[in-house]
Each structure stands twice: as structure tokens, then as C-alpha cells.
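Structure at a glance
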Amino acid sequence: MLQFIKTIPKGDDILVVGDMNRNLEDEELGTFLAESELYDLVTATHNGSTPPTYIRGNKTIDHMFRTMGILNAVERIGMVEFQKYFQSDHRGIYLDLYACNIFDGLLHPLQQ
């Protein structure tokens, strides 16, 4: 993934979301974030303290990593309780973005 991210032109914004099976204290994940110049959106918007995202664990292992430009587009981010809307052993994590802030205001008229 790091090799792919390095092919993306500087200045383009990206968002990487997923079950990483690692928390932010993991050295390998930390190296990935540093080399890819990505930042953890979930921790940043929860004042550095997030609840476990895996029902049988006590760490945050599901993440949203972003470039700096994405932060300006975030309207809301959050987590839901385990098994609230769907059957899973992970919390649902959601992100609402102001699309105009990402696409320089260039939206199809139906999306405005």
C-alpha cells in the first residue's frame, strides 16, 4: 500500500479506511503513517482517546488515515455501539465530509 500511496501526486488528498488489526502504538503502523504522510482521523477527532473498535479487544484497530487536506472537509466523525445497526465484531465508524471542500467546489448540479 505504501508503494501505491507514494505514486499519488503531492497535493492530492487521500483517505485510507479499514480494519488494520493494529493500534497506533504498533511500530510498523507508525512507520507506515510517517512514510506515507498520513494522519489518523479517528484519534485526532476524539482528543487522542478512542474506545476499542473490536468487541474482543481493548484497542482501536479500525482506522481512517487521511492527508491534511481531508481534515478541512470533515463535518462529523463517530463510532456506533457494537452490533447496533449490523452484526459484526467491530464498531461501525462513520465519516461525513463536505464534498465541496474536497473537490474544489466542482460538483455535479444534482449533488449540490
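This section reports on the structure supplied with the text. This one's a predicted model, so the numbers in the text were calculated from it and none came from an experiment.

Quick look at the overall build of the protein
Helix and strand counts for the protein come out as five helices and five strands. Shown N-terminal to C-terminal, the secondary structure of the protein runs as helices and strands in the order α-β-α-β-α-β-α-β-β-α. With respect to the three principal axes, the spread of C-alpha positions in the protein is 45 × 35 × 25 Å. Of the contacts formed within the protein by residues at least 6 apart in sequence, a portion of 65% connects residues at least 24 apart. Carbon and sulfur atoms make up 50% of the accessible area of the protein, which totals about 7,500 Å². Between the mean site of the 9 positive side-chain charges and the mean site of the 16 negative ones, the protein shows a separation of 4 Å.

Focus on the layout of surface pockets
Reported here for the largest pocket is a volume of approximately 280 Å³. Lining the second largest pocket are ten residues, with Asn-23, Glu-25, Thr-50, Lys-59 and Thr-60 positioned closest to its centre. Split into classes, the residues belonging to the lining of the second largest pocket amount to two nonpolar, six polar and two charged.

Examining the sheet that holds strand E2 (residues 39-40)
Ordered by their spatial adjacency, three strands build an open sheet running E1-E3-E2, and the pairing between neighbours is antiparallel. Here the strands that pair on one side only, and so sit at the sheet edges, are strand E1 (15-19) and E2. Looking at chain direction, E2 and strand E3 (residues 62-66) are connected through two bridges and run antiparallel. Its bridge partner being in E3, Tyr-39 is matched across the sheet by Arg-66.

Considerations on unusual backbone geometry
With the exception of glycine, most residues fall at negative phi, and the peptide bonds are largely trans. Notably, Glu-37 is not glycine yet its phi reads approximately 60°, a positive angle. Turning to its location among the elements, Glu-37 is positioned in the loop between helix H2 (27-36) and E2. Taking the relative accessible area as the measure of exposure, Glu-37 reaches 45% and is therefore partly exposed. Non-glycine residue Gln-83 carries a positive phi angle of around 55°. Tracing the sequence through the fold places Gln-83 in the loop between strand E4 (74-79) and strand E5 (93-97). For Gln-83, a relative accessible area of 40% puts it in the partly exposed group.

Comments concerning the packing of aromatic side chains
Each aromatic ring pair is specified by the distance between its two centres and by the angle formed by the two planes. On inspection of all chains with the given rule, the structure shows one aromatic pair. Between Phe-32 and Phe-65, the aromatic rings sit 6.4 Å apart at their centres with planes inclined by 55°, giving tilted as the arrangement. One end of the pair, Phe-32, is in helix H2; the other, Phe-65, is in strand E3, with 33 residues separating them in the sequence. Accessibility expressed as a relative area gives 16% for Phe-32, which makes it buried. Overall, the relative accessible area of 0% leaves Phe-65 in the buried class.

Procedures and definitions
- Residues numbered from 1 in each chain as written.
- Predicted model: local features only at pLDDT ≥ 70, side-chain atom pairs only at ≥ 80, totals over all residues.
- Heavy atoms only, no water.
- Helix = DSSP H or I, 4+ residues; strand = E, 2+ residues; numbered from the N terminus.
- Contact = heavy atoms within 4.5 Å.
- Areas by Shrake-Rupley, 256 points an atom, 1.4 Å probe, with all protein chains shown as cover.
- Lys, Arg positive; Asp, Glu negative; His and termini not counted.
- Charge placed at Lys NZ, Arg CZ, Asp CG, Glu CD.
- 1 Å grid on protein atoms, 1.4 Å probe; cavity = no way out; pocket = protein on both sides within 12 Å on 5 of 7 lines; lining within 4 Å.
- Points joined across faces, edges and corners; volume = space filled by probe spheres on them.
- Nonpolar A, V, L, I, M, F, W, Y, C, P; charged D, E, K, R; others polar.
- Pairing = 2+ DSSP bridges.
- Buried < 20%, exposed > 50% of the residue type's maximum accessible area, 1.4 Å probe, protein only.
- Phe/Tyr/Trp six-rings, centres within 6.5 Å; stacked < 30°, edge-to-face > 60°.

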